[in-house]
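# Topology and contacts: notes
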Amino acid sequence: MKRILRALGFVLLFIVLAIAAFIGYLQLTGIPKYALEKVDFPQVEITPQRVETGAKIASVQCIYCHRGTDGKLSGRALSELPDFGEIHSANITQSKEHGIGKWTDEQIAYLLRTGCKPDGQYLPIYMPKFAHLSDEDLKSVIAFLRSGQACVQPSEIAKVPSKPSLLVKFLCHVAFKKIPYPKAVIPEPDTANAVAYGRYLVNGRYDCYACHSSDFSKLDMEFPEKSVGYMGGGNKMLTQEGKVRYTANITMCTKTGIGNWTEEDLGHALRDHKNKDGKTIREPMLPYNGLTDLEVKSIWQYIQTVPVIVNEVDRKWDQD
Ligand code: HEC
Ligand code: HEC
């Protein structure tokens, strides 16, 4: 008996030591760096059309996180992500000292696609990856960052380094790895095929799926449809003021999703921020007021093809 107890004691001690060693290893190594593959991404030609499209994409994909106190994209504390540590977004204005004025277009493209900075440093979950954006849309975002628009003009506010939590460091070792740079050009979607175009908008251009699946830490950024609870909502988010919001179930479930909605209801929700019951749709869902009719129609058609998930989400309508 004594011997068994002693053996058990050793096993326990070993487990405790192994866990302590793993935590120590995580703290020491932190967020990994990766070797960068060679890519060929020539300097982007800035055209008014690209700047306009880039501004439309950035208005829902970048500005919310990167807008600082001076109104430019100078970075801010992301207090709405407490589980991920003390996170600060970066200054991405044209400042050569504090922003990305010295980055090449290729370096920006590489970071947006894979999550890796020019020195190989990986930016975890709190900086989204744009792996599925078409090359043309990616060029448009870069053209916008290089444009004369007020919010990207140089801001001399220095970047505050983030302090990622142990959870993020852990996830970077087991789940979130660098996304490979696409081997071929990602072509423009076929806008005549509503389902294909809608799928592109939901998974590529606007990333609806990222917020509307069950949990950020269970996303599959390489294969969005494999994300846990894809489009079934329930992802717990915080507003900048710290209010809890759960994302809506936007599958076609008639009881817990938008199965009783029409295409017009969806357009109204996205552009005017009113849902079918007349309730105001709140942050962090942003107004997509620049959406074209074709975009709304295509998102709607694609949603018809997404597997229905039964998930009753507590929307906390009593909290405004
Ligand atoms: C959910 C919030 C969020 C969104 C949305 C977001 N970012 Fe970021 N971004 C961050 C955070 C946080 C960092 C800094 C991470 C760190 O270094 O600790 C960052 C870093 C960056 C950097 C690296 C800058 C540097 O000096 O290290 C660039 C470039 C960038 N973002 C561009 C963009 C662009 C362009 C978009 C839209 C297409 C975008 N981001 C959308 C949160 C966000
Ligand atoms: C940044 C995260 C985020 C992104 C990106 C996002 N949403 Fe939302 N969405 C939310 C949240 C949170 C709510 C719930 C808001 C509330 O309860 O007031 C919501 C609510 C909705 C609703 C209202 C449903 C209802 O029953 O009231 C619809 C429809 C919707 N989103 C569709 C979309 C579509 C389509 C996209 C992409 C074009 C998208 N969302 C992108 C976070 C997001």
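Residues numbered from 1 in each chain as written. Chains lettered and ligands numbered in written order. Predicted model: local features only at pLDDT ≥ 70, side-chain atom pairs only at ≥ 80, totals over all residues. Heavy atoms only, no water.

### Observations regarding the coordination of the iron atom of ligand 2
Bound to the iron atom of ligand 2 on the protein side are H212 (NE2) and M285 (SD), at distances that span 2.0 to 2.2 Å. On the accessibility criterion, H212 (11% relative accessible area) is buried. Judged by relative accessible area, M285 falls into the partly exposed class, the value being 22%. (Donors = N, O, S within 2.8 Å, 3.2 Å for Na, K, Ca; no water. Buried < 20%, exposed > 50% of the residue type's maximum accessible area, 1.4 Å probe, protein only.)

### What to know about the packing of helix 4 (residues 105-114) against helix 5 (residues 135-145)
A pair of packed helices can be characterised by two numbers: the angle between their axes and the separation between those axes. It is the contact of helix 4 with helix 5, at a shortest axis distance of 10 Å, that shows an interaxial angle of 120°. It follows that helix 4 is oblique to helix 5 by the angle criterion. In this structure, helix 4 crosses over helix 5, and the sense of that crossing is right-handed. Facing helix 4, whose interface residues are D105, I108, A109, L112 and R113, helix 5 presents D135, L138, V141, I142 and L145. Classifying every residue of the contact of helix 4 with helix 5 gives 7 nonpolar, no polar and 3 charged. (Axes fitted to C-alpha atoms, helices over the stretch in contact; angles between N-to-C directions. Helix = DSSP H or I, 4+ residues; strand = E, 2+ residues; numbered from the N terminus. Parallel < 35°, antiparallel > 145°, perpendicular 65-115°, else oblique. Left-handed = near helix turned anticlockwise from the far one by under 90°. Contact = heavy atoms within 4.5 Å. Nonpolar A, V, L, I, M, F, W, Y, C, P; charged D, E, K, R; others polar.)

### Comments concerning the site of ligand 1
Around ligand 1, the surrounding shell holds 22 residues, and the nearest of these are C62, C65, H66, M127 and S162. In this structure, an oxygen atom belonging to ligand 1 sits 2.7 Å away from a side-chain N or O atom of K117. Interatomic distance of 3.0 Å between a side-chain N/O atom of K159 and an oxygen atom of ligand 1. Taken together, the elements giving at least two residues each to the shell around ligand 1 come down to helix 3 (63-66) and helix 4. Taken together, the residues of the shell around ligand 1 sort by class into 15 nonpolar, 5 polar and 2 charged. (Near = heavy atom within 4 Å. Polar contact = N/O pair within 3.5 Å; in protein donor to acceptor, adjacent residues only side chain to side chain.)

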